[in-house]
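Residue-level listing of the chains:
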Amino acid sequence: MGQTHSIIKFMKNTDEILMNTVISTALKAGDILRTGFRQRFEVEQKSAHDLITEYDTTVQQFIVEQLSKAFPGAGFVAEEEHFSTKGDPLLVIDPLDGTNNFAMGIPQFCVSIGVFTGERQPKAGVVYNPVLEELYHAQVGKGAYLNGEPIHVTQEPLKDTLVATALPFKFRDKVDWITQLLLHVYPEVMDIRRLGSAALDICYTAAGIFGLYFEYGINAWDTAAGVCLLREAGGVAVDFSGQPYDPFTSKSIVVGPPAHVERVLRLWRESGVQLEG
């Protein structure tokens with residue numbers, strides 16, 4: 001096992017036990033993904049342009065089983081088959097964020113687990129990239145970390161940063177609209193990246209690798225863990241209309257340092273392009 005496995009510590013209170021267990025489960029789930037990466041496995045089309053592999057379902061089942069045993073009263077919101085149950089804590093799971101990358105042999109994917117109260121208030125987030133062995137984790141009020149080291153959003157000017165985004169492949173009718181938004185941002189930044197994993201894009205923004213990330217058509221399991229990390233790293237998360245981002249209701253997301261987010265929202269408003277939350 002890699003160095004990330006040594007981050008798990010002996011913890012005392014209930015929240016720390018919960019965090020320890022979620023981290024341990026994410027690391028083990030990542031080991032399963034790493035073992036299967038670039039091997040032969042079943043791939044199906046979940047919908048047009050959207051793939052599902054046997055690892056999506058296997059890893060989701062593993063995570064749900066492990067966390068159900070550890071926390072019998074837990075509820076789950078998970079990507080595959082839109083699995084959903086009520087409980088406290090509420091665990092929001094993407095077993096394989098970046099499925100298309102994984103299926104095509106591109107090493108840009110992760111396990112993502114967001115932790116909420118039963119009333120859907122955020123508590124913690126864990127994102128694990130098993131290829132690079134990068135473990136991002138955060139608890140509300142306790143900061144954000146990459147492999148045990150504190151992370152923060154960038155302090156560089158927007159013009160000196162990379163910005164991450166994605167085309168809405170599930171909403172092809174929105175591509176022209178998103179392209180217009182992108183064209184208004186592009187002259188203001190160093191360059192644009194489209195990596196194929198929303199959870200990692202948010203984590204990279206939290207760590208100061210990206211100066212901003214925005215996307216339309218994301219789901220709770222894509223963002224729940226990453227947004228907790230981002231906010232604990234000093235960033236803000238809003239929808240395209242500027243309202244606070246809610247992983248359970250928002251359709252769009254913009255994250256980054258407060259000044260960068262405000263700058264981009266102002267550019268969009270001044271452009272006259274229609275904005276949707």
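Residues numbered from 1 in each chain as written. Predicted model: local features only at pLDDT ≥ 70, side-chain atom pairs only at ≥ 80, totals over all residues. Heavy atoms only, no water.

Engineer: If you had to explain helix H1 (residues 14-36) to someone new, which residues and values would you point to?
Structural biologist: Compared with an ideal rise of 1.5 Å per residue, which puts 23 residues at 33 Å, H1 spans 33 Å between its outermost C-alpha atoms and is within 8% of the ideal. In the segment just after H1, Arg38 is the residue with positive phi, at about 60 degrees. (Helix = DSSP H or I, 4+ residues; strand = E, 2+ residues; numbered from the N terminus. Expected span 1.5 Å × (residues − 1).)

Engineer: Which residues make up the environment of Thr14, and what values do they have?
Structural biologist: Topologically, Thr14 is positioned in helix H1. With 105 residues separating them in the primary sequence, Thr14 and Glu119 have C-alpha atoms 18 Å apart.

Engineer: Mind laying out the pairing of strand S14 (residues 252-256), listing which residues take part and the relevant values?
Structural biologist: S14 sits mainly inside the fold: five of its five residues count as buried. Of the two faces of S14, the one lined by Ser252, Val254 and Gly256 and the one lined by Ile253 and Val255 are each fully buried. Bridge analysis of strand S13 (residues 236-238) against S14 gives three bridges, and the strand direction is antiparallel. When the sheet's bridge partners are listed, Ala237 is paired in S14 with Val255. (Buried < 20%, exposed > 50% of the residue type's maximum accessible area, 1.4 Å probe, protein only. Pairing = 2+ DSSP bridges.)

Engineer: I'd like to hear about helix H4 (residues 175-185), residue by residue, with values.
Structural biologist: For an α-helix, 3.6 residues make a turn, and residues three or four places apart therefore share a direction. Looking only at H4, the buried set comprises Trp177, Ile178, Leu181, Leu182 and Val185. In a view along the axis of H4, the buried residues occupy a sector of 140 degrees, so they form one face of it. Within H4, the exposed residues directed more than 90 degrees away from the buried face are Asp176 and Leu183. Buried residues along H4 sit in contact with strand S10 (162-165), strand S11 (191-193), strand S12 (212-216) and helix H7 (258-271). (Arc of directions from axis to C-beta. Contact = heavy atoms within 4.5 Å.)

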